[in-house]
Amino acid sequence: MGYVFPPTSSNSDEFIGEIVAPLSTGSKWVGVSPGGQMLRNLLLVAWPNGNSIVRSARYTTDYIQPTAMSGPVLTDLPTTGINATHFRWVYRCQHCVSWQTDTGTTTLPISGFGVPAWAWSSVGVDDPTDPQSTFQEHTDFGFFGLNYADAHVDQATYDRWKNGGTGGGTVTPTTTPTTTSPTPTATATPYDYIVVGGGPGGLVAADRLSEAGKKVILLERGGPSTWETGGRYQPDWAKGKNLTKFDIPGLFETMFQDSNPFWWCKDVNVFAGCLIGGGTAINGALYWLPPYSDFAPTQGWPTSWGNHKPFTDKLTARLPSTDHPSTDGKRYLEQVSDVVAQLLQPQGYRQLDINANPDQKDHVYGYSAYDFLNGKRAGPVATYFRTAKARNNFSYRQYTYVLNVVRNGSTITGVKTNDSSVGPDGIIPLNPKGRVILSAGSLGTPRILFRSGIGPSDMINLVKNDASAGPNLPPQNQWINLPVGENVSDNPSINLVFTHPSVDAYDNWAKVWSNPRPADASQYLSNQSGVFAQASPRLNFWRAWGGSDGKTRWMQGTARPGAASVTTSYPYNASQIFTITTYLSTGLTSRGRIGIDAALTARPLVNPWLVDPVDKAVLLQGINEVLSTVKSVPGLTLITPDNTTTINDYVNNYDLASMNSNHWVGSCSILKVVDENVKVYNTNNLFIIDASIIPSLPMGNPHGMIMSAAEQAVSRIMNLTGGP
């Protein structure tokens, strides 16, 4: 797909575009959004019908079927056509650079950088002969960076092309006329606080700031998740109910199996959630209240952060945890819990309500705790976001991609986005004394910093060499050298797969999206109770281990029905499989690095898993102990690994990428990149509140700890003098 524009001096409101789609991939229809968003944007859709191309310009203000957009004039140019392998639509789009919406004016950033979007479907439209035919949601979509400033030609060339010519000559095309008037560029609205990222850190921060009366805008690069946020993606069996994939806890495992995984960030090479709620909208929702060790100086925290309890109490007042999320108060599919308890008790473990005893994490186990409410996924979306969006001083924009902060030396004056409707060149400004808070996550926040001239020079030079991003960098004498992307850690995880005759593997979760067990689906739809009211984990345990280096490390275990993969020479009953995932957490010493590549894609540059051999030795010791009592549990069989390998060889040969728990922390560590008030060093008004500031792994899955840290961080920011 591509675009070409007449000279900027012409002030024209049109462009020429092209879409070429291979028929071999099953492309039934394709579409583009030059503005990069679905809502309130020009949407161009085309599909083949026999030997013809059927196309239309569409528009929508909600996540529903887009309908005909008044104003644009579409003209098919002569190189449009279909051959044996592809269809090609080349078109002139008049009145397509600016358009009026219900919230103002949208204008393409034709003099600067844009992030247009594409979409396609393998499912045909309902009536291929009708340009306004209805169709199902796209199979996939994505974004790509484009410097529109480079897409202009001289007027004579453009006139020749728009009239159907190529190297010379003209062809008189046929048009479908409608009328509209060019509209001016939007006026930018300044804010006291710009919060970048709608994950757990950003949602807590935006809510507390707006609660304090500050004028706040929250920018999320993705779209909605739960029904409450405008999401509408749901299984067929839930049609007619206000429940999306993200509302129903029992659909967690399908996040990794779906053929249309639009929630993953397309420009991050590990799993990262790009939708409102961030990772908390798509994860297993294990919700652990932090022990005091999570904020200890020995873990890299300033001493002033040690008393986390007042902030954790603020969190739990908004979002209590539960280890029995079904609305009827019962626990379901608990056979795995019973079997693993039998495995652990001979090793000296005792059962606890884990969140009632957050500081007891040695030789303990308990039912998995979640941040589900009323049988549905809740998290910060159903609590902090809900109250924030009800306030008049809070604004929210989705599908708004922040490219970099705009700064003058150490002072941030705003943020640059891909959305020109927010202001000239897509820039959202700050009020005097205003502040920016980055909450784009452990991979997203470093990328924004690199693109803003903050971080190691090798990363900033990659930005400098990019034709689109380089011009937005500050002068080199204003670059700020900080260890952004360093000190990164993530839980190394190893899966152990078992069978037991009492276990119901629940069809390994393979049928819950398209063909669930009817009684369970009906029960859940009736009152949000039963199996679907809970994600797959059923039990968690912790054990402390001393390493040969004199340091204590903790191992966490998570047990669930089913298995991501099975490698065994044993015959086994697939309906009886379950997995214990063993993680190394607090105290591990291995570190990696996060950065970008030449395409500015965020990625791990140095893997953080088991770099220190003492970490590996401790994890091996822990796994061996877990397996030491297998024979004491009647009917229990370890099938991965089986008796064809040793545990040492199993761990040593484990695929490093498969150890990724996606619990990345540390890329903008406190006291390394930000000070104790989470302000980026050598800046006046740039702050970070997300997992990237956490200097070392917490005791358990991190999103509860992240929200507690966010409560403390935003309190610190508001208490600083000199702010709005």
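Residues numbered from 1 in each chain as written. Predicted model: local features only at pLDDT ≥ 70, side-chain atom pairs only at ≥ 80, totals over all residues. Heavy atoms only, no water.

Visitor: It is not clear to me how the pairing of strand 30 (residues 593-596) should be interpreted in this structure. Could you clarify?
Guide: When a strand is regular, its side chains alternate between the sheet's two faces. Side chains Arg593 and Gly595 of strand 30 all project onto a buried face; the interleaved residues Ile594 and Ile596 project onto the opposite face, where all are buried too. Connecting the antiparallel pair strand 30 and strand 31 (residues 602-606) is a turn made up of five residues, with leucine 600 showing a positive phi of about 65°. (Buried < 20%, exposed > 50% of the residue type's maximum accessible area, 1.4 Å probe, protein only. Helix = DSSP H or I, 4+ residues; strand = E, 2+ residues; numbered from the N terminus. Pairing = 2+ DSSP bridges.)

Visitor: I tried to follow the packing of helix 3 (residues 309-318) against helix 11 (residues 703-719) on my own but got confused; where do I start?
Guide: Geometry of a packed helix pair, given as the angle between the helix axes and the separation of the axes. Two numbers describe how helix 3 lies on helix 11: the axes approach to 8 Å, and their chain directions differ by 115°. On the basis of the axis angle, helix 3 is roughly perpendicular to helix 11. Between helix 3 and helix 11 lies a crossing whose hand is right-handed. Of helix 11, the residues touching helix 3 (which contributes Phe311, Thr312, Lys314 and Leu315) are Gly704, Met707, Ser708, Glu711, Gln712 and Ser715. (Axes fitted to C-alpha atoms, helices over the stretch in contact; angles between N-to-C directions. Parallel < 35°, antiparallel > 145°, perpendicular 65-115°, else oblique. Left-handed = near helix turned anticlockwise from the far one by under 90°. Contact = heavy atoms within 4.5 Å.)

Visitor: Any chance you could explain the state of the cysteines here in plain terms?
Guide: For the structure shown, the criterion picks out two disulfides. Here cysteine 93 engages in a disulfide with cysteine 96; their sulfurs sit 2.0 Å apart. The S-S bond linking cysteine 93 to cysteine 96 shows a torsion near -70°; that makes this disulfide left-handed. Each member of the pair, cysteine 93 together with cysteine 96, is buried. Take the cysteines of the chain that form disulfides and number them in order along the sequence; they join up as 1-2, 3-4. Cysteine cysteine 668 is unpaired, with the sulfur of cysteine 265 as its nearest cysteine sulfur at 16 Å. Given a relative accessible area of 0%, cysteine 668 falls into the buried group. (Disulfide = S-S within 2.5 Å.)

Visitor: Sorry, what's going on with the packing of aromatic side chains here?
Guide: Geometrically, a pair of aromatic rings is defined through the distance of the ring centres and the angle of the planes. Enumeration according to the criterion identifies 34 aromatic pairs in this entry. Centre to centre, the rings of phenylalanine 295 and tryptophan 305 are 6.2 Å apart; their planes meet at 20°, and the pair counts as stacked. Taken as a pair, phenylalanine 295 in the loop between strand 17 (216-219) and helix 3 and tryptophan 305 in the loop between strand 17 and helix 3 lie far apart in primary sequence, ten residues in all. For phenylalanine 295, a relative accessible area of 0% gives the class buried. By relative accessible area, which is 0% here, tryptophan 305 ends up buried. Through successive ring pairs, a cluster of aromatic residues spans Phe141, Tyr233, Phe246, Phe252, Phe256, Phe262, Trp263, Trp264, Phe271 and Trp513. (Phe/Tyr/Trp six-rings, centres within 6.5 Å; stacked < 30°, edge-to-face > 60°.)

Visitor: Explain the UniProt feature "domain: Glucose-methanol-choline oxidoreductase N-terminal" (unreviewed entry) in the chain to me, please; I cannot follow it from the model alone.
Guide: Mapped onto the present numbering, the UniProt feature "domain: Glucose-methanol-choline oxidoreductase N-terminal" (unreviewed entry) falls on residues 441-455. In this annotation, residues 441-455 is assigned 73% helix and 0% strand; the end-to-end C-alpha distance for the span is 16 Å. (UniProt positions renumbered as here; feature names shortened; annotations may be inferred.)

Visitor: Sorry, what's going on with the domain arrangement of the chain here?
Guide: Interface size, as often reported, equals the accessible area lost upon joining of the parts. When cut into domains, the chain gives domain 1 (2-163) and domain 2 (189-225 + 263-313 + 394-487 + 592-608 + 664-723). A separation of 33 Å is found between the C-alpha centroids of domain 1 and domain 2. Taken together, the contact between domain 1 and domain 2 spans 18 residues of the former and 16 residues of the latter. Carbon and sulfur atoms make up 53% of the surface buried where domain 1 meets domain 2, a total of about 1,400 Å² over both sides. On the domain 1 side of the contact with domain 2, Gln37, Tyr63 and Phe113 bury the most area, a combined 42% of that side's loss. There are one salt bridge connecting domain 1 and domain 2. As a salt-bridge pair, aspartate 140 and lysine 266 come within 3.0 Å of each other at their nearest N and O atoms. (Domains from an automatic or database assignment. Buried area = accessible area lost by both parts, 1.4 Å probe. Salt bridge = Lys/Arg side-chain N within 4 Å of Asp/Glu carboxyl O.)

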